[in-house]
Amino acid sequence: MNQAYDSVNNRSTDGHDIVMQGRKIMEITGVKQVESFDSEEFLLVTVMGMLIIKGENLQMKNLDVDRGLVAIKGRISSFVYTDQSTGDKSKGLFSKLFK
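Residues numbered from 1 in each chain as written. Predicted model: local features only at pLDDT ≥ 70, side-chain atom pairs only at ≥ 80, totals over all residues. Heavy atoms only, no water.

### Details of the packing of aromatic side chains
Counted according to the given criterion, the structure contains one aromatic pair. Ring plane angle 20° and centroid distance 5.1 Å describe the contact between Phe-37 and Phe-42, whose orientation is recorded as stacked. Residue classification places Phe-42 among the buried positions, given a relative accessible area of 0%. (Phe/Tyr/Trp six-rings, centres within 6.5 Å; stacked < 30°, edge-to-face > 60°. Buried < 20%, exposed > 50% of the residue type's maximum accessible area, 1.4 Å probe, protein only.)

Here it is, written out as structure tokens:
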């Protein structure tokens, strides 16, 4: 395989890296949890915050929970970090409703 793939596979579980190959394959380390996913969007909790990946025909290529590694294939159009986790969003909504 290539060097980028090999280096991602040998990372420790406490780091966080993203390796993207031609907008077709994305490999992410430091993933704590997969919140949800479908063919257009993945929501991942990483050691650096919530990561939202959007695209078309997205599929989970690999999931290694022990090492915190997720590989996604498809046409990747964007990825962005948010400072809020899904739990914080729902807590904020309820606290606003019941003031």
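More follows now that the structure is in view.
### Comments concerning unusual backbone geometry
Residues other than glycine seldom take positive phi values, yet Arg-23 does so here, at roughly 60°. Following the sequence through the fold, Arg-23 ends up in the loop between strand 1 (18-21) and strand 2 (25-28). Its relative accessible area of 37% is what places Arg-23 among the partly exposed residues. One non-glycine residue with positive phi stands out, namely Asn-57, at about 55°. (Helix = DSSP H or I, 4+ residues; strand = E, 2+ residues; numbered from the N terminus.)

### Focus: the environment of Ile-53
Here Ile-53 lies in strand 5 (residues 49-64). With a relative accessible area of 0%, Ile-53 lands in the buried category. A sequence separation of 12 residues divides Ile-53 from Glu-41, and the C-alpha atoms of the two residues are 5.6 Å apart. When neighbours within four sequence positions are excluded, Ile-53 is seen to be in contact with Met-26, Ile-28, Glu-40, Glu-41, Phe-42, Leu-44, Leu-58, Ile-72, Ile-76, Ser-78 and Phe-79. (Contact = heavy atoms within 4.5 Å.)

### Examining the pattern of salt bridges
Opposite charge on two side chains allows them to pair when their charged atoms are near. This structure, assessed with the given rule, holds two salt bridges. Where Glu-41 meets Lys-54, a salt bridge forms, and the shortest distance between an N and an O atom there is 3.7 Å. One end of the pair, Glu-41, is in strand 4 (residues 41-46); the other, Lys-54, is in strand 5, with 13 residues separating them in the sequence. Overall, the relative accessible area of 39% leaves Lys-54 in the partly exposed class. (Salt bridge = Lys/Arg side-chain N within 4 Å of Asp/Glu carboxyl O.)

### Here we look at the sheet that holds strand 5
Spatially, six strands are ordered 1-2-6-5-4-3 in an open sheet, and the strand pairing comes out antiparallel. Each of the sheet's edge strands pairs with one partner strand only, and the pair in question is strand 1 and strand 3 (31-37). Each neighbouring strand pair of the sheet contributes to a mean axis angle of 35°, computed without reference to strand direction. Sheet topology places strand 5 next to strand 6 (residues 69-82); 12 bridges connect them, and they run antiparallel. From the neighbouring strand, Gly-55 faces strand 6, where its bridge partner is Ile-76. (Pairing = 2+ DSSP bridges. Axes fitted to C-alpha atoms, helices over the stretch in contact; angles between N-to-C directions.)

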